[in-house]
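Residue-level structure breakdown
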Amino acid sequence: MSRTAIDTEANGEQPPPEDDHAFFGHPKGLLTLSGLEVWERFSFLGMQAILVLYFADSVANEGLGMSPGTAASVAAAYGTLVYLVSVAGGWLADRILGSYRAVLWGGILIALGHYSMAVPTAGMTWVGLGLISAGTGLLKPNVATMVGKLYATDDDRRDAGFALYYMAINIGAFAGPLITGWLADHRGYHWGFSAAAIGMTFGLAQYVLGRRHLAGRKHSAEFALAPDAMRRAVRTIALGVVVVGALGGLLAGIGWLTMDRFVDLLTLISVLAPVVYFWVMFKSPRVTAEERGRLKPYIVLFLASVVFNFILFQAYSTMILLASTNARTTILGFDFPASWYASALGAFEVALAPVVAGTWARMGHKQPHASNKIAFGVILGGLSFLLMVVPTSGHADDTYQMAAWWIVGSYLLLGLGDVLLETSGMSATSKLAPKAFSSQTMSLWFLSLALANGIQAQTVKLYDDVSKPAYFGVNGAIAVVTGLVVIAMAPWLRRTMHPVH
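Residues numbered from 1 in each chain as written. Predicted model: local features only at pLDDT ≥ 70, side-chain atom pairs only at ≥ 80, totals over all residues. Heavy atoms only, no water.

**Things to note about the pattern of salt bridges**
Side chains that differ in sign of charge can pair as their charged atoms come close. In plain terms, the rule: Here, a salt bridge means any Lys or Arg side-chain nitrogen found within 4 Å of an Asp or Glu carboxyl oxygen. Strands are runs of DSSP state E lasting at least two residues, helices are runs of H or I lasting at least four, and both sets are numbered from the N terminus onward. Exposure is judged per residue with a 1.4 Å probe applied to protein chains only, and the accessible area is read against the type maximum: over 50% gives exposed, under 20% gives buried, and values in between give partly exposed.
The final tally for this structure, using the stated rule, is five salt bridges. Between lysine 140 and glutamate 37 there is a salt bridge, with its nearest N and O atoms 3.1 Å apart. Taken together, the residues lysine 140 in helix α5 (residues 122–148) and glutamate 37 in helix α2 (residues 29–56) connect sequence positions 103 residues apart. For the pair lysine 140 and glutamate 37, one class covers both residues: buried.

Okay, here's the thing in structure tokens:
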């Protein structure tokens, strides 16, 4: 079955037939979407690499003066908000905007958010983070869905395509912290935020220029609401945004909605949202019995993703804080900002993604089942934290300085785990998704990231209060055990995840 014959009516215009193998044996649309993600991740992770340091730095140094634990908690809460909004982004794409326009408007909001953060005032920082949260919620679930539309469900190139897509993501993840970190260290944090804004602008430009290579790029939504229902939905959304904004402003003004309560509220929502979402999909009359059966094993993959990403996201919070206080920032005589450690994660993923993609392509149908790939990723994530027990143990106080290679080694394990889990998880999600919830089911995958951040927002509060070996050791051990449980469930997962191999 050719890719160009897939869902032609549902997905709108198809790219030219000659595109199908034009990008290293993959559809040319993968280049357009990967290019967008290079710049989106450049801006998002470039900003995130310096965000926790900006929160924790003194006001005299243009920071916000938070304690390390609070800074990590607020940064995690921001990540929670980003991925919670992805649910609305998936629904808007499915029912109102269509995937192409959802990604376009998401990119515009992200760029505006970074430009806002470039303004050196605390107020514009919060405005910028709000805009980036809204924009990322529109862009992230829908661009991944558009990648899935480039391949037939049984196309053996599919996992390899997602691996290449994820490699592109990590080119941005590698380059972003290098640029923003250097600017933050030498010129100030807001110069770093400016670089993120410019990067997102480049991403938008190449996305629009390459739109002819995308599958399903028609302007209307695939499962659009009826005109009257659409008008009511738009009015309800607009009114809801105004009411929530006004209520939040009022509660903050009278002193009830403090930062701690806002963080706790986001954590609570991150727990409830996936529960409600799974329930809605299981009960929906638009989901067939066969599709409902495939959602059951997806819950296991969802929980595995939560555990792994709880570790992964701390690469940009507790690990950066640890690097800034207790790790040397010199390698082979070269001095660098602590935020550059975040680039090591992206560099390893750039290097490892094509290796993983090539391995899966050569193995074809003999490659490990998706659930085992995800389990291996979770175990590697746990080992990356367990490794940090060694250099943080046996010190009389917190003035020690560990060699840079400890954190680099931790990021190597974490990077390989991320390539295994995220590529297989996104690919499996696109295949297990009920057709009527295609973009929204990808949003559900991102809800696992929201829940991971929500849990992190509470857990990192302990970073200031417990020993570093205990903090990293307990969290790492939980991840390793979770991965082993998923491996033990492999026989049931293989039976119930068809057509995922």
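Having seen the structure, we can now continue with the description.
**Re the confidence of the model for the chain**
Regions with low pLDDT carry predicted coordinates that are not meant to be interpreted in detail. Which entries qualify depends on this criterion: pLDDT is defined as a per-residue confidence score from the predictor, taking values between 0 and 100. Contacts are residue-level and defined by heavy atoms, with any inter-residue pair within 4.5 Å sufficient.
In this model, the chain carries an average pLDDT of 84, and 90% of its residues clear a pLDDT of 70 or more. Mean pLDDT across the secondary structure elements of the chain bottoms out at helix α1 (residues 8–11), with 41, and peaks at helix α17 (residues 468–488), with 95. Here residues 1–12 scores under 50 on pLDDT; set against residues more than four positions off or in separate chains, the count is 31 contacts.

**Description of the packing of aromatic side chains**
The following threshold applies: Any Phe, Tyr or Trp ring, taking Trp's six-membered ring, that has another such ring centre within 6.5 Å forms a pair; planes under 30 degrees apart are called stacked, those over 60 apart edge-to-face, and the others tilted. Placement of a charge over a ring requires the Lys NZ or Arg CZ to be within 6 Å of the ring centre, with the centre-to-atom vector within 35 degrees of the ring normal.
Evaluated as defined, the whole model comprises 16 aromatic pairs. On the basis of an interplanar angle of 35 degrees and a centroid distance of 6.0 Å, the ring pair of tyrosine 54 and phenylalanine 55 is categorised as tilted. When its relative accessible area of 0% is taken as the criterion, phenylalanine 55 is described as buried. Ring plane angle 85 degrees and centroid distance 5.8 Å describe the contact between tyrosine 463 and tyrosine 471, whose orientation is recorded as edge-to-face. Among the residues examined, tyrosine 471 registers a relative accessible area of 4% and is labelled buried. The rings of Tyr54, Phe55, Trp126, Tyr189 and Phe193 are connected pair by pair, giving a single aromatic cluster. One residue, arginine 187, lies across the ring of tryptophan 191, its end atom 4.2 Å from the ring centre. Above the face of the tyrosine 463 ring, lysine 468 is positioned so that its terminal group lies 4.4 Å from the ring centre.

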